[in-house]
Amino acid sequence: MITRTQVRQFLAVVDGGSFTRAAALINVTQPTLSTGVGELEKHLGTKLFIREKRRIQLTEAGAKFLVHARKIQREFRLAEDETVKSSPPQKAIKLGVLESIASHILEPIIADYQSQEHDNPLSLLEGNVSELQNALAKGRIDAAITISPANISTGRIIPLFEEPYLLMVSSLHRIADRPIVSPEEVSSETMIARRSCELLAETSKFFTSHGARPPFSLRSPHDDRVIAMVRANLGITVAPRSHQTKGVSAIQLEGFLHDRTIALVLGDNWMRKFGSDHVLVESIKQNLELSPAIS
């Protein structure tokens, strides 16, 4: 069976005048183009081109096939144009995601949404709290999973879950079984800094105020890397409870009483474009409100 790719390759050679120029026209390598034309000739049982050093010419069979190839290409383009005109344009959803949201929390949301039938392709934009608020305000994203802001009307905020910031240590660590520890008890421990942490400055001040100036074995903006290194016992860190995974223990740090509320924040035009009962909203609510990792 003749494919559209073979027709395009054949026409590119005709229009380009050489295999080299034809390959550049359709953005393929010359060997790929030569193979495609060769397969077309094999399928038709005849040579389509006379290959010479400086130029190529159509054979008699090639000239006859050219007439049909032009018609085929026109029909393909006509079918595409008419289909596009008759189909309503898809409204893509741009979802902002707080960079400190754990990947294992985000993954089931996306997997659930992608598995369902919908007309809105999804793309993600990572950022910190202020970056996502700015993107929402400027309409660069349609919604965001982020820390619940205080300056947005409640009608646009869907609270999802609350979680405390805890001390994360390897399950092999000497204090792994402790429910609570004082900052003095871990003042000599090697730390790992989460550069994505919203409380990075507060955490540093907290340890300093308790006389702790720990050495750092890693400073990383990637939370998955940080938690993996905690699990490997390279150091300890402070992180939201949802970052606890197998092999990592979460411990209350005495006197460090901070938490965060994660919410779905809808942009100004969300209701007009997608509605409150959109499948993405339901996927987020079902997967985050009931997540065992944050309950």
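Just so it is clear, the model here is predicted, and its values are computed rather than measured. (Residues numbered from 1 in each chain as written. Predicted model: local features only at pLDDT ≥ 70, side-chain atom pairs only at ≥ 80, totals over all residues. Heavy atoms only, no water.)

Caption draft 1: Molecular detail of unusual backbone geometry. Even without being a glycine, Asn27 presents a positive backbone phi close to 60°. Along the chain, Asn27 turns up in the loop between helix H2 (19-25) and helix H3 (30-44). Residue Asn233 is not a glycine yet carries a positive backbone phi of 70°. Among the structural elements, Asn233 can be located in the loop between helix H8 (223-231) and strand E10 (237-240). The exposure class assigned to Asn233 is partly exposed, which follows from its relative accessible area of 39%. (Helix = DSSP H or I, 4+ residues; strand = E, 2+ residues; numbered from the N terminus. Buried < 20%, exposed > 50% of the residue type's maximum accessible area, 1.4 Å probe, protein only.)

Caption draft 2: Spatial organisation of the side chain of Gln6. Position of Gln6 relative to the elements: it lies in helix H1 (residues 4-16). On the accessibility criterion, Gln6 (10% relative accessible area) is buried. Within the structure, Gln6 has its side chain in polar contact with the backbone nitrogen of Thr3 (distance 3.1 Å). (Polar contact = N/O pair within 3.5 Å; in protein donor to acceptor, adjacent residues only side chain to side chain.)

Caption draft 3: Just the packing of H1 against H3, in detail. As a packed pair, H1 and H3 sit with axes 9 Å apart at the nearest point and diverge in direction by 110°. Judged by the inter-axis angle, H1 sits roughly perpendicular to H3. Of the two elements, H1 crosses H3, and the hand of that crossing is left-handed. Listed contacts from H3 to Gln6, Gln9, Phe10 and Val13 of H1 are Thr32, Leu33, Gly36, Val37, Glu39 and Leu40. Looking at side-chain class alone, the contact of H1 with H3 contains five nonpolar, four polar and one charged residues. (Axes fitted to C-alpha atoms, helices over the stretch in contact; angles between N-to-C directions. Parallel < 35°, antiparallel > 145°, perpendicular 65-115°, else oblique. Left-handed = near helix turned anticlockwise from the far one by under 90°. Contact = heavy atoms within 4.5 Å. Nonpolar A, V, L, I, M, F, W, Y, C, P; charged D, E, K, R; others polar.)

Caption draft 4: The arrangement of the layout of surface pockets in detail. Put simply, the largest pocket is a space of about 300 Å³. Considering each element in turn, the lining of the largest pocket owes the most residues, five residues, to helix H7 (residues 200-209). When the residues that make up the lining of the largest pocket are grouped by side-chain class, the tally is ten nonpolar, four polar and four charged. By volume, the second largest pocket amounts to about 250 Å³. (1 Å grid on protein atoms, 1.4 Å probe; cavity = no way out; pocket = protein on both sides within 12 Å on 5 of 7 lines; lining within 4 Å. Points joined across faces, edges and corners; volume = space filled by probe spheres on them.)

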